[in-house]
Amino acid sequence: MDKEYDIVVIGAGPAGLAAAIEARKNSVERILLVERAKELGGILPQCIHNGFGLHIFKEELTGPEYAERFINELVELDIEYKLDTMVLDIDGSKNVTMINTRDGIITVKAKAVILAMGCRERPRGALNIPGTRPSGIFTAGTAQRFVNIEGYMVGKKIVILGSGDIGMIMARRLTLEGAEVKAVLELLPYSGGLIRNKVQCLDDFGIPLLFNHTVTEIKGAERVEGIAYCQVDSNRKPIAETRKYIECDTLLLSVGLIPENELSKRADVKLDPVTGGPVVNESMETSVKGIFACGNVLHVHDLVDYVTEESRRAGRNAAQYVKGVGASDGTVIDVKGGSGVRYVVPQKVRVDNLEEKLELFMRVDDIYKEKKLIVKIDGEKVKSVHRKRLTPGEMEHIILDTNLVKGKESAFITVEVEKEGARI
Amino acid sequence: MKEKEIICIVCPIGCQMEVMEGKDTNGYVVTGNACPRGEKYGIKELTDPTRVLTTTIMLKKGKLKRLPVKTDIPIPKGKVLACMKELVSLEVEAPVKAGDILIKDISGTGANIISTRSI
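Residues numbered from 1 in each chain as written. Chains lettered and ligands numbered in written order. Predicted model: local features only at pLDDT ≥ 70, side-chain atom pairs only at ≥ 80, totals over all residues.

**Student:** Would you mind showing me how to read the pairing of strand β1 (residues 3–10) of chain A here?
**Tutor:** Looking down a regular strand, the side chains alternate between one sheet face and the other. Residues and elements named next belong to chain A. With 7 bridges connecting them, β1 and strand β8 (residues 104–115) associate as parallel partners. For Ile10, the partnering residue across the bridge sits in β8 and is Leu115. Regarding topology, helix α1 (residues 14–25) serves as the crossover connection from β1 to the parallel strand β2 (residues 31–34), and that connection is right-handed. (Pairing = 2+ DSSP bridges. Helix = DSSP H or I, 4+ residues; strand = E, 2+ residues; numbered from the N terminus. Right-handed = clockwise from strand over helix to strand, strands pointing away.)

**Student:** I keep staring at the packing of helix α4 (residues 165–176) of chain A against helix α5 (residues 195–202) of chain A and nothing clicks. Help me out?
**Tutor:** Two quantities define a packed helix pair, namely the angle between the axes and the distance from one axis to the other. Residues and elements named next belong to chain A. α5 packs onto α4 with a crossing angle of 20 degrees between their chain directions and a minimal axis gap of 8 Å. Here α4 lies roughly parallel to α5, going by the angle between them. For the element pair α4 and α5, the recorded crossing hand is left-handed. Residues Asp165, Met168, Ile169, Ala171 and Arg172 of α4 form the contact with α5, whose participating residues are Asn197, Lys198, Gln200, Cys201 and Leu202. When the residues that make up the contact of α4 with α5 are grouped by side-chain class, the tally is 5 nonpolar, 2 polar and 3 charged. (Axes fitted to C-alpha atoms, helices over the stretch in contact; angles between N-to-C directions. Parallel < 35°, antiparallel > 145°, perpendicular 65-115°, else oblique. Left-handed = near helix turned anticlockwise from the far one by under 90°. Contact = placed C-beta atoms within 7 Å. Nonpolar A, V, L, I, M, F, W, Y, C, P; charged D, E, K, R; others polar.)

**Student:** Help me understand helix α2 (residues 63–76) of chain A in this model?
**Tutor:** Helical periodicity: at 3.6 residues per turn, an α-helix aligns residues three or four positions apart in one direction. Taking 1.5 Å as the rise per residue, α2(A) with 14 residues should run 20 Å; its terminal C-alpha atoms sit 20 Å apart, in good agreement. Burial in α2(A) covers these residues: A:Gly63, A:Pro64, A:Glu65, A:Tyr66, A:Ala67, A:Glu68, A:Phe70, A:Ile71 and A:Leu74. Looking at the buried side of α2(A), the elements it contacts are α1, β3 (50–52), β4 (61–62) and α7 (304–322) of chain A together with β6 (66–71) of chain B. (Expected span 1.5 Å × (residues − 1). Buried ≥ 20, exposed ≤ 12 C-beta atoms within 10 Å, placed from the backbone.)

**Student:** Just to check I follow, could you spell out the interface of chain B and chain A for this structure?
**Tutor:** Bring the parts together and some accessible area is lost; that lost area is often taken as the interface size. Facing 20 residues of chain B, the contacting portion of chain A comprises 21 residues. Those elements giving two or more residues to the side of chain B that touches chain A turn out to be β5 (54–60) and β6 of chain B. Grouping the amino acids of the side of chain B that touches chain A by side-chain chemistry returns 10 nonpolar, 6 polar and 4 charged.

See below:
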């Protein structure tokens, strides 16, 4: 064993930074933050657009500014970090093995581990788009890195498949840099991203967003020459008669993010098949005691402020665990998505360990208008919140008064979309 | 009469609002908004839409080739492309601090271009 730490945090994006800082503020001395990239901040440095930090800082920051606030705090708090360092393995005893060109392969022993590895973009290979394999096909985030960090333009005539946030943000970015974004195609009948991004990134520039459409062929030998696209039917199958062709040199993919949990699996952390991330309790602790998870490795977020809040909770509870003052299990309640709700995080709640409020995060499975989200405990309605609009692209958030749960021998909490009323 | 359906972008809720000229104290009636900020945004978006411009410029002698920048206040929507043109040729040398003013009063908008990253 090369060294011992109280807490090892894996990943120095917004989740890892916030978790490490919060752990230090809760008097944990020996913290190590490990980052695979050459700099701190994760995806934030390439997200040069503004809109970050409305909840936490009450102002609109750009990604680099948001990251810099946390990086400065990390440095002020003298938290040790390693860059350009890849974690290879976490074993059941929380031995963390990592590799870099300075230390070689080292294994450190941790009392607690915080998983903050984030997510990856779904690539072309996961979509089965027929056609050739020319250059000019990028995931939206890769294009964002080329344009905003490396300083390379990715193309001149662009088609974007998928209306995820990064895709819409890149539509604006590439338009401002002189490219022509011909269309954004979305397989589903609704946008996969935030409304504000559709308004500010597409509508502002007159970029068409075609719902129920997908790319059916990529053409080009060396470079993309164009794509064919079709409307899809209610089973999302392309309708051949609707085929059209767009000449373009670049295709961006913004078709979803997948939590990256290779390491979690190595540590035998139980994963939720819906979120793709670990099953956690109210403390952000996974099924393995002393291993916590936060941020996009847990479930994909829309807003970095929610990542920060969640990660602070993970950092605080990891600190408690290290100090040996974490709660005993006591009554454990399962939290589940009911009708219309795909998932709820956290998936488990230890009643004795609840803070004043219990925050539940969830995504719905379809678009709903003027509907209530209903929270039930053992089938009995305890809270309902009205929403003008529910969409899978925007994470929902319900704060539950802990008194509703405390002192009861409840078995499960469910959140569902009310059944009555119009569904569109 | 000026009238427009506007999706509010002040916060992530994204209220669908209708803004029209009317007899309200401000001279406009906004419906569908959930908060006063939405009302203010709706009227502004109808009469004088503005945006904060964020982009990158050339960076010399830094560890990176591009420096992220923004306008320190929102600028008229119609001036966005003019500002981009002015920024194409702008080149700064590292070190730069987040918040440093790089151009004053860009394209006559009254806004300054500031760095959003320390490099």
